[in-house]
Amino acid sequence: MISVVTKPSVVIEDYKGVIDDSLFDEIHELAQKLRDVRVCHVNATSYGGGVAEILQKEIPLAKSLDLKFDWKTISAYPAFFDVTKKIHNALQGNPLTISDKEWQVYSSCNIDQIKQINPSDYDVFFIHDPQPAEIINCIGKNGAKWVWRCHIDTSEPNQKVADYFLKFLDMYDASIFTMADYVLKGMDKNIFIIPPAIDALSEKNRLMNRKEAKKIVERFGVDTTRPIATQVSRFDPWKDPIGVVESYKIAKAKVPNLQLVMIGSMADDDPEGEQIFKEVKRHASGDKDIFLLSNQDGVHDLEVNAFQTYSDVIMQKSTKEGFGLTVSEALWKETPVIGGNVGGIPTQIEDGKTGFLVNSKEECAEKIVYLIQNKDIAHEMGKKGREVVRQNFLLPRLLRDELKVIEQLTKD
Ligand code: UDP
């Protein structure tokens, strides 16, 4: 287990004027009450993907309120992440099989983690996703309260794999799912439904003027006088990167000067990334208007912000999606989003009002063309989207919801 040291980031006062005053007061009140509760978040990685993105921002925000929040990640061999990516895919419905040997790798790595953690150091554990979920079974509850925080779409899981987890998920004092549909059958104790959130004030999401964004986008050779459609996502089959390229190709027949930007960092716990990246590259080859960029090209938070700000359209064409932070990130910048009509995306996009929900590459292409040819409507949609995000998907709301869970679990 590795302790993650977070950089001081925003403090709650910075959110004054962004969030409603009532939320601000509620957070202060809860933080005052829960100041002595020692909380530990545990997940798989400190970099790449939505969970790391949330914790990088949430832990410093909590600390700024004098809350005792720590964050630890699993230390593991690549073989463990090969297995946990399979588990992740299975819990999202892939009918694959996990062999006994693979389950052993999973279990023994969870056992290894307990050497570096003393449960009596904490009052509440938040265990994120399946990777560290078995730790509770290896170490015992030791008087602490344990919460399993599931970020993935487990509405139609591969039941064999789900059954393995259900054996010990019952030990948890509470579970949090992003949507009610995701609650695994057989779980009924202390279930909370809490969607994730973005940090509106971070480098990735702060308001950037178009001039600054333009300069950054141009650094990567993208022509800012021509239309740009972008997807920001790990290279993962559920994010449908090939479908994105195909949608672009169909749209290009009607908008010949269209450019496609695909930004995809390689997450530490995602071994599939490299291979899918190569596949996408093969698919895109020969087209100079397709830009495949990653953190290895210098695309970090600032650059993601610039592309989300400057693009005419942001896509999140997933075929399964727990939530999809990238949707809220783009809407916060008033950029309309075309999202796959799956998982947590429809909670963020109201079809036809703040963007479009699509079920195929043809529909996706049609909406790209529409948004590029109807700039005023696109702009109006983006504006409405920003307000939806302000009210529902900003970090203080998430912290408030989690503090309420902590309050409930520690009240006696
Ligand atoms: N992200 C990034 N660079 C990339 C790809 C993704 O910074 O090249 C970020 C993205 O901005 C978002 C997070 O990674 O904050 C992805 O979260 P999401 O919920 O969309 O998907 P997940 O990866 O958790 O499935």
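**Q** Describe in detail the side chain of Glu402, supporting the description with residues and values.
**A** By secondary structure assignment, the location of Glu402 is in helix H15 (residues 395–410). Apart from residues lying up to four places away in sequence, Glu402 is in contact with His41, Glu58, Phe126 and Ile194.

**Q** Describe in detail the sheet that holds strand E7 (residues 191–193), supporting the description with residues and values.
**A** The sheet built from seven strands is open, its strands ordered E1-E3-E2-E4-E5-E6-E7 with mixed pairing. The open sheet has two free edges, formed respectively by strand E1 (2–3) and E7, since each of these has just one partner strand. Its contacts with the sheet put helix H2 (residues 50–64) on strand E2 (38–43), strand E3 (68–73) and strand E4 (124–128), and the angle it makes with E3 is roughly 155 degrees.

**Q** How would you summarise the nonpolar core if you had to cite specific residues and measurements?
**A** Side chains of a nonpolar character, in soluble globular proteins, are inclined to be buried together. Within the largest apolar cluster, 55 residues are counted, with the highest numbers of intra-cluster contacts made by Tyr15, Leu67, Phe69, Val147, Leu394, Leu403 and Ile406. The set of elements that each furnish at least two residues to this core consists of helix H1 (21–33), H2, E3, E4, strand E6 (174–177), helix H11 (325–332) and H15. The biggest single contributor to this core is H15, with seven residues. In this structure Leu403 touches Ile27, Leu30, Ala31, Leu34, Leu67 and Phe69, once residues within four positions along its chain are discounted.

**Q** Quick one: what's the story with the site of the ligand, residue by residue and with numbers?
**A** As a matter of local geometry, the ligand sits amid 17 residues, with Gly50, Arg234, Lys239, Ser265 and Glu329 nearest to it. Interatomic distance of 2.5 Å between a side-chain N/O atom of Glu329 and an oxygen atom of the ligand. Protein contact buries 89% of the 540 Å² of open area that the ligand shows by itself. For the shell around the ligand, the secondary-structure elements that each account for two or more residues are H2 and H11. Here the shell around the ligand gets three residues from one element, more than from any other, and that element is H11. Residues belonging to the shell around the ligand are distributed by class as follows: four nonpolar, seven polar and six charged.

How each quantity is defined
Residues numbered from 1 in each chain as written. Predicted model: local features only at pLDDT ≥ 70, side-chain atom pairs only at ≥ 80, totals over all residues. Heavy atoms only, no water. Helix = DSSP H or I, 4+ residues; strand = E, 2+ residues; numbered from the N terminus. Contact = heavy atoms within 4.5 Å. Pairing = 2+ DSSP bridges. Axes fitted to C-alpha atoms, helices over the stretch in contact; angles between N-to-C directions. Core = buried A, V, L, I, M, F, W, Y, C linked by side-chain atoms within 4.5 Å. Buried < 20%, exposed > 50% of the residue type's maximum accessible area, 1.4 Å probe, protein only. Near = heavy atom within 4 Å. Polar contact = N/O pair within 3.5 Å; in protein donor to acceptor, adjacent residues only side chain to side chain. Areas by Shrake-Rupley, 256 points an atom, 1.4 Å probe, with all protein chains shown as cover. Nonpolar A, V, L, I, M, F, W, Y, C, P; charged D, E, K, R; others polar.

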